[in-house]
Amino acid sequence: MTLDDLVGGLASGMTLGLGGWGSRRKPMAAVRAILRSDLTDLTVVSYGGPDVGLLCAAGKVAKVVFAFVTLDSIPTDPHFKAARQSGGVEATEVDEGMFYLGLLAASQRVPFLPTRAGLGSDVLTVNPWLRTVRSPYDDGEELVAMPALRLDAAVVHVNRADAAGSGQILGPDPFFDELFLGAADRRYVTTERIVPTEQLAEEGALQTLCISRLLTDGVVETPGGAHFTTCVPDYGRDEAFQKEYVAAAGDPDAWAAFVERFLAEDEDGYQAAVRECTAERAAGSGQGGA
Amino acid sequence: MTMTDDSGVSRAEYCAVACAEVFRVDGEVMASAFGTAPALGARLARLTFAPDLVLTDGDAALVDGAPPLGTRPEALVFESHMPFRRVFDVVWSGRRNLIMMASQIDRTGNQNISAIGPWARPKAQLVGVRGAPGNTVNHTTSYWVPNHSTRSFVEQVDVVSGVGYARAAAAGPEATRFHEIRFVVSNLGVFDFATPDHTMRLVSVHPGVTVDDVTAATGFDLVLPAEVPETRMPTPEELHLLREVLDPSAQRDREVRT
């Protein structure tokens, strides 16, 4: 399928899970496709990075469910910051581990999972709808009942996949991608490269084949689809580009120019603009050194 | 190298050994350390008095030994795969000792990395609570604050991310069972909560800092012992490890100025 098909499977008002972690292996091509669409009023569930920032900047987001939003090498995302500080988005903020258990509960079709995480913190006061549950056993402990984080749709980005939707993650951490898919009704994988099934085992060890087609409904080939976040071993984070993203976000005119240059066209246009920008930077630094 | 007085020891080096002390007594646990002084402290501890400590590569692996700051991934010796999903198994098992940073910390040990101002519409959105709520009720946690001021040491944090003693006690035995805030290390001194009501106490001041400097930079009343010692000197071995082995480019002195 194509990015347009993927976006066609989404609808305004949906709860959308996005895989990856911070500024790492984010399904950015899908995010960029959403930016170009008419979709709006989304609830975004994410171990947040620039996916959350970009969607907030474009006014696509009603609510963010998060434990953090970070660019890793830069502590915070400027657009998410602005959206929170202007009251422009609703927020549900939970502990990282609670977030994991919410996805796991949804994947396992149970209403909640118990955890100590959250007790005593303001996670419980800013989310007054969160409940505790008492152990029915002799210990009688009262723990947080993290509710299932059901998703209408989820998108994750992987290094390789086959056409049937088996996904392969070649980097060191699969994060929680499997659980995002497990928690969702519509499940999409974007990938650097679609390869024949028999080639997957040549690309990496068996444990890298961690997304089974049981968990996926559609796969889209999007080379560079995690840019500017890291997608090792295919490519690392484009730190220079991430800095430009942050710098542009600080000024409305600069941001309009950034959108015009990089985000106005389709994914091919984006990738071409990035290549041009990288080449200019290389030429610039070459002259500087001469 | 013989060091007979503290004149040659930088503030950052005192901070690093103060952070190392966080890891002295726990044996075989996973050390997680955010910030330069904590990263150096964990490594110092591993190479000296805490040889069973388990260090991470900051990504998805446990590593052998104590690699110097900035070691290339190819040069690391991996012991174990530790993706984030498995990190939670370690956190919730309690086999972890952590130094987190704090944008705000208060007198009962609450930490804030979520937001400054009202949570509903913050004056400044920070990174988010991250794993702080779960960390603090599951395993020993300490804090590193490289910019001690009345803005970072506050009477009451704006959003309780890491749980302090009073909040844990109010939440009940489920929250206090595995809770320990061991130390707070700042660029001015070392603090703990070993007081009857678990409010923050000044343990030591780094050489060159007075008790008055600390109280003036703190937005609440610290418990002050009659005699406040100085933070201990790094040993000659520790100074050698810091300067020649772990951090030859002196990143530490850029995080904290002498």
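Given the structure is predicted, the values throughout are model-derived calculations rather than measurements.

The rules we used
- Residues numbered from 1 in each chain as written.
- Chains lettered and ligands numbered in written order.
- Predicted model: local features only at pLDDT ≥ 70, side-chain atom pairs only at ≥ 80, totals over all residues.
- Helix = DSSP H or I, 4+ residues; strand = E, 2+ residues; numbered from the N terminus.
- Rg over C-alpha atoms; globule rule 2.2 N^0.38 Å.
- Buried ≥ 20, exposed ≤ 12 C-beta atoms within 10 Å, placed from the backbone.
- Contact = placed C-beta atoms within 7 Å.
- Pairing = 2+ DSSP bridges.
- Right-handed = clockwise from strand over helix to strand, strands pointing away.
- Nonpolar A, V, L, I, M, F, W, Y, C, P; charged D, E, K, R; others polar.
- Domains from an automatic or database assignment.
- Axes fitted to C-alpha atoms, helices over the stretch in contact; angles between N-to-C directions.
- Expected span 1.5 Å × (residues − 1).
- Parallel < 35°, antiparallel > 145°, perpendicular 65-115°, else oblique.
- Left-handed = near helix turned anticlockwise from the far one by under 90°.
- pLDDT = per-residue confidence, 0-100.

A. Just the overall build of chain A, in detail. Of regular secondary structure, chain A possesses 11 helices and 11 strands. In summary, chain A has a C-alpha radius of gyration of 20 Å against a globular reference of 19 Å for 290 residues, a match within 12%. In terms of principal-axis extent, the alpha carbons of chain A reach across some 75 × 50 × 35 Å. When burial is assessed residue by residue, chain A has 50% of its 290 residues classed as buried. Across chain A, the fraction of contacts at a sequence separation of at least 24, relative to all contacts at a separation of at least 6, is 73%.

B. Fine view of the overall build of chain B. When its secondary structure is counted, chain B shows 9 helices and 14 strands. Compactness check: chain B gives a C-alpha radius of gyration of 18 Å against a globular reference of 18 Å for 258 residues, within 12% of the reference. Taking the principal axes of the C-alpha coordinates as reference, chain B spans close to 45 × 45 × 35 Å. Split into buried and exposed, the 258 residues of chain B put 52% on the buried side. When contacts within chain B are restricted to residue pairs at least 6 apart in sequence, those whose partners lie at least 24 apart make up 66%.

C. Representation of the pairing of strand β3 (residues 61-66) of chain A within the structure. Residues and elements named next belong to chain A. With 4 bridges connecting them, strand β2 (residues 42-46) and β3 associate as parallel partners. Residue pairing for β3: Val-44 is matched across the bridge by Val-64. The parallel pair β2 and β3, bridged by helix α3 (residues 50-57), forms a crossover whose chirality is right-handed. Relative to strand β4 (residues 90-93), β3 is paired through 4 bridges, and the arrangement is parallel. When the bridges of β4 are listed, Phe-66 appears paired with Glu-93. Remark: the β3/helix α4 (residues 78-85)/β4 crossover connection has right-handed handedness.

D. Quick look at the interface of chain A and chain B. With 35 residues of chain A at the contact, the number on the chain B side is 35 residues. Here the side of chain A that touches chain B gets 4 residues from one element, more than from any other, and that element is α4 of chain A. Its residues placed into classes, the side of chain A that touches chain B shows 17 nonpolar, 8 polar and 10 charged.

E. Spotlight on the domain arrangement of chain A. By domain assignment, chain A separates into domain 1 (3-94 + 149-221), domain 2 (111-147) and domain 3 (239-289). Taking only C-alpha atoms into account, the centre of domain 2 of chain A sits 45 Å from that of domain 3 of chain A.

F. Inspection of the sheet that holds strand β5 (residues 112-115) of chain A at higher detail. All names here are of chain A. Pairing is antiparallel across the open sheet formed by 3 strands, whose spatial order is β5-β7-β6. Each edge of the open sheet is held by one strand with a lone partner, namely β5 and β6 (131-134). Strand after strand, the sheet turns through a mean of 45 degrees between neighbouring axes, direction not considered. Across 4 bridges, β5 lies against strand β7 (residues 142-147) in antiparallel orientation. Note that in β7 the partner of Pro-114 across the bridge is Ala-145.

G. How the structure looks around helix α5 (residues 96-108) of chain A. The terminal C-alpha atoms of α5 of chain A, which comprises 13 residues, lie 19 Å apart, in line with the 18 Å expected from a rise of 1.5 Å per residue. Of all 13 residues in α5 of chain A, 12 are buried, a share of seventy percent or more. Within α5 of chain A, the full set of buried residues consists of Glu-96, Gly-97, Met-98, Phe-99, Tyr-100, Leu-101, Gly-102, Leu-103, Leu-104, Ala-105, Ala-106 and Ser-107 of chain A. Tucked into the core, α5 of chain A has its buried residues touching β5, β7, β8 (151-161) and α7 (177-182) of chain A together with α3 (84-93) and α4 (132-138) of chain B. Looking one or two residues past α5 of chain A, Arg-109 of chain A carries a phi angle of roughly 60 degrees, positive in sign.

H. Quick peek at unusual backbone geometry. All names here are of chain A. In this model, His-227 is joined to Phe-228 through a cis peptide bond whose omega is 5 degrees. The topology assignment puts Phe-228 in the loop between β11 (218-221) and α9 (239-249). The residue Asp-72 is not glycine, and still its phi comes out positive at about 65 degrees. Tracing the chain through its elements places Asp-72 in the loop between β3 and α4. Unusually for a residue other than glycine, Phe-175 sits at a positive phi of about 50 degrees. Here Phe-175 lies in the loop between β9 (167-168) and α7.

I. Highlighting the environment of Phe-153 of chain B. Along the polypeptide, Phe-153 of chain B turns up in strand β11 (residues 153-154). On a C-alpha basis, the gap between Phe-153 of chain B and Pro-225 of chain B in space is 19 Å, while along the polypeptide they are 72 residues apart.

J. Structural context of the sheet that holds strand β5 (residues 96-101) of chain B. All names here are of chain B. Within the open sheet, the 9 strands sit side by side as β4-β3-β2-β1-β5-β10-β12-β13-β14. Their pairing is mixed. The open sheet has two edge strands with one neighbour each: β4 (78-81) and β14 (201-205). On average, each strand axis in the sheet is inclined to that of its neighbour by 25 degrees, with strand direction left out of account. Sheet topology places strand β1 (residues 30-33) next to β5; 4 bridges connect them, and they run parallel. Its bridge partner lying in β5, Ala-33 is registered against Ile-99. Here helix α1 (residues 11-21) sits on the sheet in contact with β5, β10 (141-145), β12 (181-186) and β13 (189-192), set at roughly 175 degrees to β12. In this fold helix α2 (residues 36-47) packs onto β1, β2 (54-56), β5, β10 and β12, with an angle of close to 155 degrees to the strand it touches most, β1.

K. The packing of α1 of chain B against α2 of chain B, seen in detail. Residue and element names in this part refer to chain B. Close contact between α1 and α2 brings their axes to 7 Å; oriented N to C, the two are set at 55 degrees. The angle between α1 and α2 falls in the class oblique. α2 is crossed by α1, and the crossing has right-handed handedness. Contacts between α1 and α2 involve Ala-12, Cys-15, Ala-16, Val-17, Cys-19 and Ala-20 from the first element and Ala-37, Pro-38, Leu-40, Gly-41, Leu-44 and Ala-45 from the second.

L. Region of interest: helix α2 (residues 28-35) of chain A. α2 of chain A sits mainly inside the fold: 7 of its 8 residues count as buried. Taken together, the buried positions of α2 of chain A are Met-28, Ala-29, Ala-30, Val-31, Arg-32, Ala-33 and Ile-34 of chain A.

M. Representation of the environment of Ala-201 of chain A within the structure. With respect to the helices and strands, Ala-201 of chain A occurs in helix α8 (residues 197-203). Placed 58 residues apart in sequence, Ala-201 of chain A and Leu-143 of chain A show a C-alpha to C-alpha distance of 42 Å.

N. Representation of the confidence of the model for chain B within the structure. Residues and elements named next belong to chain B. Chain-level pLDDT for chain B is 96 on average; 97% of the residues reach the 70-or-more range. Counted against residues more than four places away or in other chains, residues 1-5, with its pLDDT under 50, gives 7 contacts. Listed scores for the predicted complex are pTM 0.96 and ipTM 0.96.

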